[in-house]
Amino acid sequence: MKKGEIIYCLDESVYSDHISKRKSYTIKDTKPDQIRIVNNSQKLVWLPNPCFTNAKIPEIIEIKIDDEITDSQNDCIEVTIEFSDGEKRWVTFATVNWLKGKINEHKNYLSGNGLIFVEELSETSINRTIIELDKQNELLHVSNNC
């Protein structure tokens, strides 16, 4: 990354007061492991290189709850996430109560990729969780390709 280049935020991480995922920034200065940009508050800041990429990042265009939520306190559903580049990914959301019931009912463990446990299932909690995982650059790691 060089001075004057346009870069895109890849990971807000602990810097959400300064940067926003997918937003573009212009590099004002560089160090071996950091870059200096004008942040969201129009202040110059140094931030770690891994928070940025040279490529524009596809946006989430749809979060689709594939199953009906029948019990917000004790249920398991699938959710599909679609990105602006056409990629689709899916995750399974389950409540902690659902997990407890399955472990007691079948075996002493439950394993699987793309499992996200929440206290309560609702459209709001699902959307909030997906957006937070995305901001932390964890969504692609916890979700599966369709």
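The numbering scheme is per chain: residues are counted from 1 as the chain's sequence reads. Residues qualify for local features only when their pLDDT is at least 70, as the model is predicted, and side-chain atom pairs are given and counted only at 80 or more; totals for whole chains, interfaces and linings, by contrast, use all residues. Side-chain metrics rest on all non-hydrogen atoms present in the structure, leaving aside hydrogens and water.

### Focus on the side chain of Asp-134
Threshold: Starting at the N terminus, helices and strands are each numbered in turn, a helix being any DSSP run of H or I of at least four residues and a strand any DSSP run of E of at least two. Three labels apply to residues, based on accessible area from a 1.4 Å probe with only protein chains included: buried if under 20% of the type maximum, exposed if over 50%, partly exposed otherwise in between. Nitrogen and oxygen atoms within 3.5 Å of one another constitute a polar contact, given that in protein one can donate a hydrogen and the other can accept it, and given that sequence-neighbouring residues count only through two side-chain atoms. We call two residues in contact when some of their heavy atoms are within 4.5 Å.
Structurally, Asp-134 is set in helix H2 (residues 123-135). For Asp-134, a relative accessible area of 6% translates into the label buried. A polar contact is formed between the side chain of Asp-134 and the side chain of Arg-22, at a distance of 2.6 Å. Filtering out sequence-adjacent residues up to four positions away, Asp-134 remains in contact with Lys-21, Arg-22, Ile-60 and Leu-139.

### Comments concerning the pairing of strand S8 (residues 76-83)
So the rule is basically this: We call two strands paired when DSSP finds no fewer than two bridges between them.
The pairing of strand S7 (residues 60-65) with S8 spans five bridges and is classified as antiparallel. Counted as the bridge partner of Ile-63 is Ile-81 from S8. When S8 meets strand S9 (residues 88-95), the two strands line up antiparallel, connected through seven bridges. Paired with Ile-77 across the two strands is Phe-93, which belongs to S9. Here S8 folds back onto S9, and the loop between the two strands holds four residues, one of which, Gly-86, carries a positive phi near 95°.

### Observations concerning the sheet that holds strand S6 (residues 52-53)
As summarised here, the arrangement of the three strands in space is S2-S1-S6, forming an open sheet in which the pairing is antiparallel. Single-partner strands in this sheet number two, and they are strand S2 (24-26) and S6. By the bridge criterion, three bridges tie strand S1 (residues 6-9) to S2 in an arrangement that is antiparallel. Across the sheet, residue Ile-7 finds its bridge partner in S2, namely Tyr-25.

### A closer look at the packing of aromatic side chains
Rules: Stacked, tilted and edge-to-face are the three classes assigned to paired rings of Phe, Tyr and Trp, where Trp is represented by its six-membered ring and a pair needs centres within 6.5 Å; plane angles under 30 degrees give stacked, over 60 edge-to-face, the rest tilted.
By the definition in use, this model includes one aromatic pair. Geometrically, the ring pair formed by Tyr-25 and Phe-52 is edge-to-face, given 6.0 Å between the ring centres and 80° between the ring planes. In this pair, Tyr-25 sits in strand S2 while Phe-52 sits in strand S6, placing the two residues 27 residues apart along the sequence. The pair formed by Tyr-25 and Phe-52 is uniform in burial state, with each residue classed as buried.

### A word on the environment of Val-96
Mapped onto the elements, Val-96 comes out in helix H1 (residues 96-105). For Val-96 and Glu-119, which are 23 residues apart along the polypeptide, the C-alpha to C-alpha distance reads 5.7 Å.

### Digging into the side chain of Thr-95
By secondary structure assignment, the location of Thr-95 is in strand S9. Overall, the relative accessible area of 0% leaves Thr-95 in the buried class. One polar contact links the side chain of Thr-95 to the main-chain amide nitrogen of Trp-98, over a distance of 3.1 Å. Here Thr-95 is in contact with Ser-72, Gln-73, Asn-74, Asp-75, Phe-117, Val-118, Glu-119, Glu-120 and Leu-121, once residues within four sequence places are set aside.

### A look at H2
Because an α-helix completes one turn every 3.6 residues, residues spaced three or four positions apart along the sequence face the same direction. Selection rule: Expected span of a helix, by definition, is 1.5 Å for each gap between consecutive residues, and there is one gap fewer than residues. By construction, the arc corresponds to the directions joining the helix axis to the C-beta atoms.
Along its 13 residues, H2 runs 18 Å from first to last C-alpha, staying within 8% of the 18 Å computed at 1.5 Å per residue. Residues of H2 that are buried include every one of Ser-125, Ile-126, Thr-129, Ile-130, Leu-133 and Asp-134, and no others. In an axial view of H2, the angular spread of the buried residues amounts to 165°, which keeps them on one side of the axis. Pointing more than 90 degrees away from the buried face of H2 are the exposed residues Thr-124 and Arg-128. The secondary structure elements touched by the buried residues of H2 are S7, S8, S9, strand S10 (115-118) and helix H3 (139-142). Two residues or fewer after H2 comes Asn-137, characterised by a positive phi angle close to 60°.

Honestly, it's all geometry; don't read function into it.
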